[in-house]
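Residue-level structural notes
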Amino acid sequence: MLNQAKKLLQAFLSGLSLLLISNPAFAMAEGMEEAIADKMVWLIIIVMPIAFIYGYWKIHILPEKYAEKVHHPHLKTIKVLCFLSIVFGGLFWPLAWLLAYSKPVFYKMAYGTDKSDEYFTSHAVEHAGAPLDLSMVEDEIMQLEEKLSGLNQKRDLIKQLRSSAQSLTSKGENHA
């Protein structure tokens, strides 16, 4: 036991002496920490806030971009809500999303269309330059023609199914 304590003390003293006589070693060259700190200051104080503000702005105008894409009749209201959302820290952003993605049902009941007036006067090539009321009527006729075409296809399919069902029942009666 005394022999072990002696060896332990000897190892401790030799390690301590090596520690005291060794020179400090650095992983980086002298002045490298300052160079890295200078670059990080530029990054953290200047670049990151600009990137954050740009990202914040781009995220908060997403409802506005969607409303423009679908020619929403309440586009100006959605733009105002997006701006207020930017100013007030995102408070009105969910409301802008809800308004942009909702169907303007009451607007359609009141005005006969769910598109903005700009859609009928400038965006739609087939309506460009036509009076607004005429453009809206032509758009409604186009929608009704598409619906009529779909109903005609459905009628033809029902006739085919009934004729094939009648032919199967007549074949079944002939065999019985």
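Heads up: the structure comes first, above all this text.
Just so it is clear, the structure is predicted and the values come from calculations on it, not from any experiment.

Some words on the overall build of the protein chain
Each helix and strand in the protein chain was counted, giving eight helices and zero strands. Moving toward the C terminus, one meets the helices and strands of the protein chain in the order α-α-α-α-α-α-α-α. Counting every position in the protein chain, which comprises 176 residues, the buried fraction comes to 15%. Look at the contacts in the protein chain between residues 6 or more apart in sequence, and 43% of them connect residues 24 or more apart. With an accessible surface of roughly 14400 Å², the protein chain has 68% of that area assigned to carbon and sulfur atoms.

Re a negative patch on the surface
Together, Glu30, Glu33, Glu34 and Asp38 line one region of the surface with negative charge. Here Glu33 is to be found in helix H2 (residues 32-60). You can call Glu33 partly exposed: its relative accessible area is 44%.

Looking at the nonpolar core
Nonpolar side chains tend toward joint burial in soluble globular proteins. Counting six residues, the largest nonpolar core is built from Ala67, Ile78, Leu81, Cys82, Ala96 and Ala100. Looking at this core, the elements that each hand over two or more residues are helix H4 (75-87) and helix H5 (93-101). For this core, the leading source of residues is H4, giving three residues. Ile78 has contacts with Pro63, Glu64, Ala67, His72, Ala96, Leu99 and Ala100, leaving out every residue within four places of it along the chain.

Regarding the pattern of salt bridges
Considering all chains together, one arrives at two salt bridges under this definition. Ionic pairing is found between Lys79 and Glu68, a salt bridge with its closest N-O pair at 3.7 Å. Remark: Glu68 occurs in helix H3 (residues 62-69) and Lys79 occurs in helix H4; sequence separation between them is eleven residues. Here Lys79 falls in the partly exposed class, since its relative accessible area comes to 34%. A salt bridge links Arg155 to Asp156; its shortest N-O distance comes to 3.9 Å.

Focus on the side chain of Ser85
Along the chain, Ser85 falls in helix H4. If sequence neighbours within four positions are ignored, Ser85 has contacts with Tyr56, His60, Gly90, Leu91, Phe92 and Trp93.

Some words on the packing of aromatic side chains
Per the counting criterion, the structure on display carries six aromatic pairs. With a centroid separation of 5.9 Å and an interplanar angle of 50°, the aromatic rings of Tyr54 and Trp57 are classed as tilted. Here Tyr54 pairs with Trp57, and both are found in helix H2, just three residues apart, close to one helical turn. Taking the centre distance of 4.0 Å and the plane angle of 10° together, the rings of Tyr66 and Tyr101 count as stacked. Here Tyr66, found in helix H3, pairs with Tyr101, found in helix H5; they are 35 residues apart in sequence, far enough to count as distant. Taking relative accessible area as the criterion, Tyr101 reaches 47% and is therefore assigned partly exposed. Taken together, Tyr66, Trp93, Trp97 and Tyr101 form an aromatic cluster joined through their ring pairs.

Calculation criteria
- Residues numbered from 1 in each chain as written.
- Predicted model: local features only at pLDDT ≥ 70, side-chain atom pairs only at ≥ 80, totals over all residues.
- Heavy atoms only, no water.
- Helix = DSSP H or I, 4+ residues; strand = E, 2+ residues; numbered from the N terminus.
- Buried < 20%, exposed > 50% of the residue type's maximum accessible area, 1.4 Å probe, protein only.
- Contact = heavy atoms within 4.5 Å.
- Areas by Shrake-Rupley, 256 points an atom, 1.4 Å probe, with all protein chains shown as cover.
- Patch = residues over 30% accessible without salt bridge, like charges linked within 9 Å, V, L, I, M, F, W, Y side chains within 5 Å.
- Salt bridge = Lys/Arg side-chain N within 4 Å of Asp/Glu carboxyl O.
- Lys, Arg positive; Asp, Glu negative; His and termini not counted.
- Charge placed at Lys NZ, Arg CZ, Asp CG, Glu CD.
- Core = buried A, V, L, I, M, F, W, Y, C linked by side-chain atoms within 4.5 Å.
- Phe/Tyr/Trp six-rings, centres within 6.5 Å; stacked < 30°, edge-to-face > 60°.

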